[in-house]
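Each chain, letter by letter, is given below.
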Amino acid sequence: MTPPPAVPTERDLRLDLFRGIALWLIFLDHIPTNIVSWITIRNYGFSDATEIFIFISGYTAAFVYGKAMTDRGFAIAGARILRRVWQIYVAHIFLFVIYVAEIAYVTATFENPLFAEEMNALDFLKQPDVTIIQALLLKFKPANMDVLPLYIVLLVWFPPILWLLLRNATLALAISAGLYAMAWEFGWNLPSYPSGHWWFNPFAWQLLFVFGAWCALGGADRLANVLRSPVTLWIAIAYLVFAFGIVMTWHFPRWAFVVPRWLTERMYPIDKVNLDVLRFAHFLALAAITVHFVRVDWPGLKSPWFKPAILCGQHSLEIFCLGVFLAFAAHFVMVEIYGGLLMQVVLSVVGVAIMVATAALISWYKKIEGRGGGRPKRSAESDLAGGEA
Amino acid sequence: MRTLFAILLAVMAFAPSAFAQQHDGCAVPGYLLFGDSALQRFSAAVQKKQPVKIVVVGTGSSVLPGQDGTNMAYPARLEAALKRRLPSVKATVVAYAKPRQTAAEMSKRLEQLSLDEKPTLVIWQTGTFDAMRGVDGDEFRSSIADGVETVQAKGADVILMNMQYSPRTESMLAVSGYADNMRWVAREREVPLFDRQAIMRHWNDTGSIDLYAATKDVSIAKRVHDCVGRALASLIIDAANLEALEGKAQ
């Protein structure tokens, strides 16, 4: 067994920056019809903001709880992780209630014979006895509400994995990769209601989370030489260009003929549910290029231009939930008032502004609580853990 | 960077409206309608002057309510459009639409249907009910691939048709994953895909049809079905390479 790796003590602002940006992109993508979502990365490559969010969440979870586990032991760190799980569960159920409220309203007010079939999607409201229980069990998950349940499962599983990561990081990563491979081989996934399985298969997506944690606990240093090499950079760039070209043939099907048949047969379908290897590789390429050009000590990270994204990234649970809610709200406004292009742009900008303002408000609350009389000043570590993992 | 985004946004915001002015009614830009996959069997039957039979297999979004619903729904509109544009071709369209069917259930019916009806072309509309049930993506995909294979083995061509663009229910019904799966099967099996979702979205975005409207009136529904029928006829004529046979009447 190798000695426990040193848990880094200073928070890497790049994590908050890119998680904040990922939260914005997730919000923009969640508004169903949104011209602004054309700027999001899913339109230009295989992976999307979800990969960034899960990876960074794994990274920060290891950063925060890893330190807690080395300092105060397995039980305390594990208990804190479970408290976090509970917070996320409550947040998810809260979002579900808002969702049901919107649906109930739409069902009562909307009528159009053209969409008689689509309106059947709202039939679950007729059986609240079944659907609400299934929602509490995380089996019934409405559209766009799949990320938090995934996060819950990943964190429940995290204490033992973190324990192992701190003792033998390579073994922990190997177990995670093995689980990913088994999920692909045997088709493991959790069941959904009314049928099918989870939209983000936790057995597959855990690899990205654990990989993030592994990077936080010394893996990134071990990869430093690889990441610094120009060969890696060029491979990553070549892969991104390749992915870009492929994705363009989805937007313009007439060009699909340029993709050779043997390649389409191997490549498709690119499976989001099970975190397709192509998606994972696309994320790695993006990350490699980002790490190459945006160094941890880059002074630009302290620039006020990045402050809004960093603020959002530092309160990711709250801002993520707010983003899901704002996407519902934006869709509601588009349906009830006007859904034109100008409105889409306005709602996108206003939504991001609300996310930033809320993040700033949460930071302010944290600050005044930290200064509060009776309690000792919170350490940087617990502040981060309370706010974010 | 921000200026760049702003310019990009401005271009994207204005580009579609500039485009729409070139068309009236519910024209569909070629890139949304035409692909590389050919309807060879259909084309061969027409060349041999045989009558062609098109069978539409679908769910609730292939029918319209009311007494004249059958005549106004897109299968009948397709037949009318084909008769108008290909006066020398004997084309009939038969619709088998039943609500609440998954692709797997429909796939099982396709064999018997192919034997009974002996179609030249099957238009298979599916996906909405699967999205509602949350059927697994790979299960959905293999059901469609099986169905396509079944129909082709019986000597008919296939066009796949995906879900409607329904902006009101968009945040409640996640159809995009299913639409992607249909695109993949269509590409893999080299069958044309009628991308109803993208086409209806185009009509809505360019302002030719307001799909947000809440109304009991069937006039919008009729218009959409008529437009779908006409666009389908264009797709068939393109994919079966029948432009030479087109009559003067449009």
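Now for a look at the structure at hand. (Residues numbered from 1 in each chain as written. Chains lettered and ligands numbered in written order. Predicted model: local features only at pLDDT ≥ 70, side-chain atom pairs only at ≥ 80, totals over all residues. Heavy atoms only, no water.)

## Structural notes on the overall build of chain A
What counts is decided by this rule: Starting at the N terminus, helices and strands are each numbered in turn, a helix being any DSSP run of H or I of at least four residues and a strand any DSSP run of E of at least two. Only C-alpha atoms enter the radius of gyration, while the globule expectation follows 2.2 Å times N to the 0.38, with N the number of residues. The cut-offs for exposure are 20% and 50% of the maximum accessible area for each residue type, with area from a 1.4 Å probe on protein chains only; residues under the lower value are buried, those over the upper are exposed, and the others partly exposed. Residues count as neighbours in contact if any of their non-hydrogen atoms are within 4.5 Å of one another. Surface accessibility follows the Shrake-Rupley procedure with a 1.4 Å probe radius. Residue values consider only the protein chains on display as shielding.
The helix and strand tally for chain A stands at 17 helices and zero strands. At 22 Å, chain A has a C-alpha radius of gyration in line with the 21 Å of a compact globule built from 389 residues. Out of the 389 residues in chain A, the part that is buried amounts to 54%. Here the contacts in chain A between residues at least 6 apart in sequence split such that 78% fall between residues at least 24 apart. Of the roughly 17400 Å² of accessible surface on chain A, 70% is carried by carbon and sulfur atoms.

## Thoughts on the pairing of strand E3 (residues 121-125) of chain B
All names here are of chain B. For clarity, the cut-off: A pair of strands is labelled paired if DSSP reports no fewer than 2 bridges between them.
For E3, a buried count of five out of five residues is recorded, marking the element as mostly surrounded by other parts of the structure. Residues of E3 alternate between two faces, with Leu121, Ile123 and Gln125 on one and Val122 and Trp124 on the opposite face, all of them buried. Relative to E3, strand E1 (residues 52-58) is paired through four bridges, and the arrangement is parallel. When the sheet's bridge partners are listed, valine 56 is paired in E3 with isoleucine 123. Sheet topology note: the E3/strand E4 (residues 157-161) ladder contains five bridges and is parallel. Following the sheet pairing, leucine 121 is matched in E4 by aspartate 157.

## Some thoughts on unusual backbone geometry
Here the amide bond leading from tyrosine 193 of chain A into proline 194 of chain A is cis, since omega sits at 0°, within 30 degrees of zero. Inspection of the secondary structure assignment puts proline 194 of chain A in the loop between helix H8 (169-186) and helix H9 (202-222). Residue proline 269 of chain A is reached from tyrosine 268 of chain A by a cis peptide bond, and omega for that bond is -5°. Among the structural elements, proline 269 of chain A can be located in the loop between helix H12 (261-267) and helix H13 (277-293). One non-glycine residue, lysine 118 of chain B, lies in the positive phi region at around 45°. Summarising the element assignment, lysine 118 of chain B is placed in the loop between helix H6 (103-117) and E3. If you check the backbone angles, glutamate 190 of chain B has positive phi at about 55° while not being a glycine. Looking at the secondary structure, you find glutamate 190 of chain B in the loop between helix H9 (176-189) and strand E5 (193-194). Owing to a relative accessible area of 48%, glutamate 190 of chain B belongs among the partly exposed residues under this scheme.

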